[in-house]
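The residues making up each chain are set out below.
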Amino acid sequence: MRTFRISDRSLHLIDAPEPTPAAGEVLVDVHTIGVNRADVAEVACAYPPPPFLTPLRTADGAEFCAPGVEIAGTRRDTGDEVVALVAGNGYAEVVAVEESALLPLPQQPTTPADGIADGDRPADGIADGDRPADGNPEATGTASDRFAFAASVLEAAATVVSNLHLETQVRAGERVLIHGATGSVGLTAVQFAKARGAHVTAIAGSDTNAALLRRIGADVAFNRHDGDVFEQIAAGDGPRSFDVILDVLGGGDALEKNVGALSEYGRLVIIAVLAGATGTLPVMQVMLKKAHIIGTTLRSRRGEAKARVMEAVRSQMWPLIQSGQIRVPIRAEVPFEDAAAAHQILRDGGHLGKVVLRLR
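Note that the coordinates shown come from a computational prediction; the quantities given were computed from them, not determined experimentally.

Enquirer: Before we move on, can you summarise the overall build of the chain with the specific residues and values?
Expert: Along the chain, the regular secondary structure elements total nine helices and 17 strands. By the compact-globule yardstick of 21 Å for 360 residues, the chain fits well, its C-alpha radius of gyration being 20 Å. With 360 residues in all, the chain has 55% of them scored as buried. A separation of at least 24 residues holds for 70% of the contacts in the chain among residues at least 6 apart in sequence. Put simply, the chain shows about 14700 Å² of open surface, and 50% of that area lies on carbon and sulfur atoms.

Enquirer: Lay out the layout of surface pockets in plain terms, naming residues and giving numbers.
Expert: Counted as a void, the second largest pocket has a volume near 480 Å³. For the second largest pocket, the lining is made up of 26 residues, of which Glu25, Leu53, Thr54, Asn89 and Ala96 are closest to its centre. Every element with two or more residues in the lining of the second largest pocket is listed here: strand E4 (56-57) and strand E8 (94-98). A per-element tally of the lining of the second largest pocket places E8 first, with five residues. Looking at the lining of the second largest pocket, its residues break down into 15 nonpolar, four polar and seven charged.

Enquirer: A description of helix H6 (residues 253-260) should follow, citing residues and the corresponding values.
Expert: Where H6 is concerned, the buried positions are Ala254, Leu255, Asn258 and Val259. Buried residues of H6, seen end-on, are gathered within an arc of 130° and therefore sit on one face of the element. Summarising the contacts, the buried residues of H6 are in contact with strand E10 (175-178), helix H5 (229-235), strand E13 (242-247), strand E14 (262-270), helix H7 (283-289) and strand E15 (292-295).

Enquirer: For the environment of valine 35, give the residues involved together with the corresponding values.
Expert: As for its position among the elements, valine 35 is in strand E3 (residues 25-35). Residue class for valine 35 comes out buried when judged on its relative accessible area of 3%. Between the C-alpha atoms of valine 35 and serine 152, which are 117 residues apart in sequence, the distance is 8.3 Å. Leaving out residues up to four positions away in the same chain, valine 35 has contacts with Tyr91, Ala342, His343, Leu346, Lys354, Val355, Val356 and Leu357.

Enquirer: Residue-level account of helix H3 (residues 184-195), with values.
Expert: Taking 1.5 Å of rise per residue, the 12 residues of H3 would be expected to cover 16 Å, and the 17 Å separating its terminal C-alpha atoms lies within 8% of that figure. Across the 12 residues that make up H3, a large majority, 10, are buried. Taken as a whole, H3 has its buried residues at Ser184, Val185, Gly186, Leu187, Thr188, Ala189, Val190, Gln191, Phe192 and Ala193. Phi for glycine 197, located one or two positions after H3, is positive at around 90°.

Enquirer: Please set out the environment of aspartate 247 residue by residue, giving values where relevant.
Expert: With respect to the helices and strands, aspartate 247 occurs in strand E13. Once the C-alpha coordinates of aspartate 247 and leucine 13 are considered, the two residues, 234 residues apart in sequence, prove to be 34 Å apart. Beyond its immediate stretch of four places on either side in the chain, aspartate 247 contacts His179, Asn258, Leu268, Val269, Ile270, Ile271 and Ala272. From its side chain, aspartate 247 meets the backbone nitrogen of glycine 250 in a polar contact 2.8 Å long. At 3.3 Å, the side chain of aspartate 247 and the side chain of asparagine 258 are in polar contact.

Enquirer: Explain the pattern of salt bridges to me, and be specific about the residues and the numbers.
Expert: Under the criterion given, the structure shown has 20 salt bridges. Among the ionic pairs, arginine 2 bridges to glutamate 93, the shortest N-O distance being 3.2 Å. Highlighted residues: arginine 2 in strand E1 (residues 2-7) and glutamate 93 in the loop between strand E7 (81-85) and E8, separated in sequence by 91 residues. Residue arginine 57 pairs with glutamate 63 through a salt bridge whose shortest N-O separation is 2.9 Å. For arginine 57, a relative accessible area of 45% translates into the label partly exposed. Residue glutamate 63 is classed as partly exposed on the basis of its relative accessible area, which comes to 48%.

Enquirer: Explain the sheet that holds E13 residue by residue, including any values.
Expert: Ordered in space as E12-E11-E10-E13-E14-E15, the six strands form an open sheet in which the pairing is parallel. In the strand order of this sheet, the two ends are held by strand E12 (220-223) and E15, each with one partner. Neighbour-to-neighbour, the strand axes of the sheet open up by a mean angle of 15°, direction not taken into account.

Enquirer: Mind laying out the packing of helix H2 (residues 146-167) against H3, listing which residues take part and the relevant values?
Expert: Contact geometry of H2 with H3 gives a least axis separation of 9 Å together with a crossing angle of 50°. Between H2 and H3, the interaxial angle falls into the category oblique. As for how H2 packs across H3, the hand of that crossing is right-handed. Between H2 and H3, the contacting residues are Glu155, Ala156, Ala157, Thr159, Val160, Leu164 and His165 on the first element and Ser184, Val185, Thr188, Ala189 and Phe192 on the second. Taken together, the residues of the contact of H2 with H3 break down into seven nonpolar, four polar and one charged.

So, how was this worked out
Residues numbered from 1 in each chain as written. Predicted model: local features only at pLDDT ≥ 70, side-chain atom pairs only at ≥ 80, totals over all residues. Heavy atoms only, no water. Helix = DSSP H or I, 4+ residues; strand = E, 2+ residues; numbered from the N terminus. Rg over C-alpha atoms; globule rule 2.2 N^0.38 Å. Buried < 20%, exposed > 50% of the residue type's maximum accessible area, 1.4 Å probe, protein only. Contact = heavy atoms within 4.5 Å. Areas by Shrake-Rupley, 256 points an atom, 1.4 Å probe, with all protein chains shown as cover. 1 Å grid on protein atoms, 1.4 Å probe; cavity = no way out; pocket = protein on both sides within 12 Å on 5 of 7 lines; lining within 4 Å. Points joined across faces, edges and corners; volume = space filled by probe spheres on them. Nonpolar A, V, L, I, M, F, W, Y, C, P; charged D, E, K, R; others polar. Arc of directions from axis to C-beta. Expected span 1.5 Å × (residues − 1). Polar contact = N/O pair within 3.5 Å; in protein donor to acceptor, adjacent residues only side chain to side chain. Salt bridge = Lys/Arg side-chain N within 4 Å of Asp/Glu carboxyl O. Pairing = 2+ DSSP bridges. Axes fitted to C-alpha atoms, helices over the stretch in contact; angles between N-to-C directions. Parallel < 35°, antiparallel > 145°, perpendicular 65-115°, else oblique. Left-handed = near helix turned anticlockwise from the far one by under 90°.

Right, here's the structure in full:
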């Protein structure tokens, strides 16, 4: 099978033997793969795979791990069309998957969600300033088929439901701040929080994308390039403190500023460290506010912990996604062998929506 091996901080396409499924695993013939920032970080040697991940082997027996955590394809044993969240090795034509990590493909909506309709955005859903440079894959706006659609929504749905439902239990009337709101996770989080009846403040990377966030449900949206986000929040007409903050920044001065923006009993959930892996924690503020600081990852979960998240996706997210209440545009569908170009889109930043690799 074709897969990718990481060497010298870059991806190398190779042929390797198919994996042998362990007890409780099944083989999936992969059609599409969702591309995530964790994949880019793994190639840069900044996000190692979990120690329990069974490595792949080259033809001469050398062990390695491929990136990739989000796949859609066909179960080899039953022929069922499925989507899966895996701990790694997703960039491959065949993947061994824990059966508890599988879900049936979600039904693709036939009409777009309000606010991301064709009349509310450029034809392909991407602002001109966010397009890739000439020669890079172009945006498609919507998924070309059900496999691309499934691979574009699962990881974001699982991240959002685990953090805004299982961890922080966002409720109607609560004030929610979402950093990095134009990626697939951020777009999903905005729409999920609004479906829960929350007041949403969202952070974008351009005025165009801030306007789109308001159209899909954000009550307030700021462009981070217009100055310090927290100063903009303080000077704006929206909330100045928040019950829940979904954070992709992590450390640096963002940690202290996020804690400062929490309300009493507020919950800060950190899901990435784009601003750094360390920062200053104002412990007295945390104590006085009775705040909760939560750090989560999906990749290291397995067994019952993974199954709990997948069940929450099925019960809480699939109805909203299949009805079109939550919609994430496709940023680009990229041929599998051009995975490096897909990663470059994420490294460049400023993109709107999801990047998907296509095998079949």
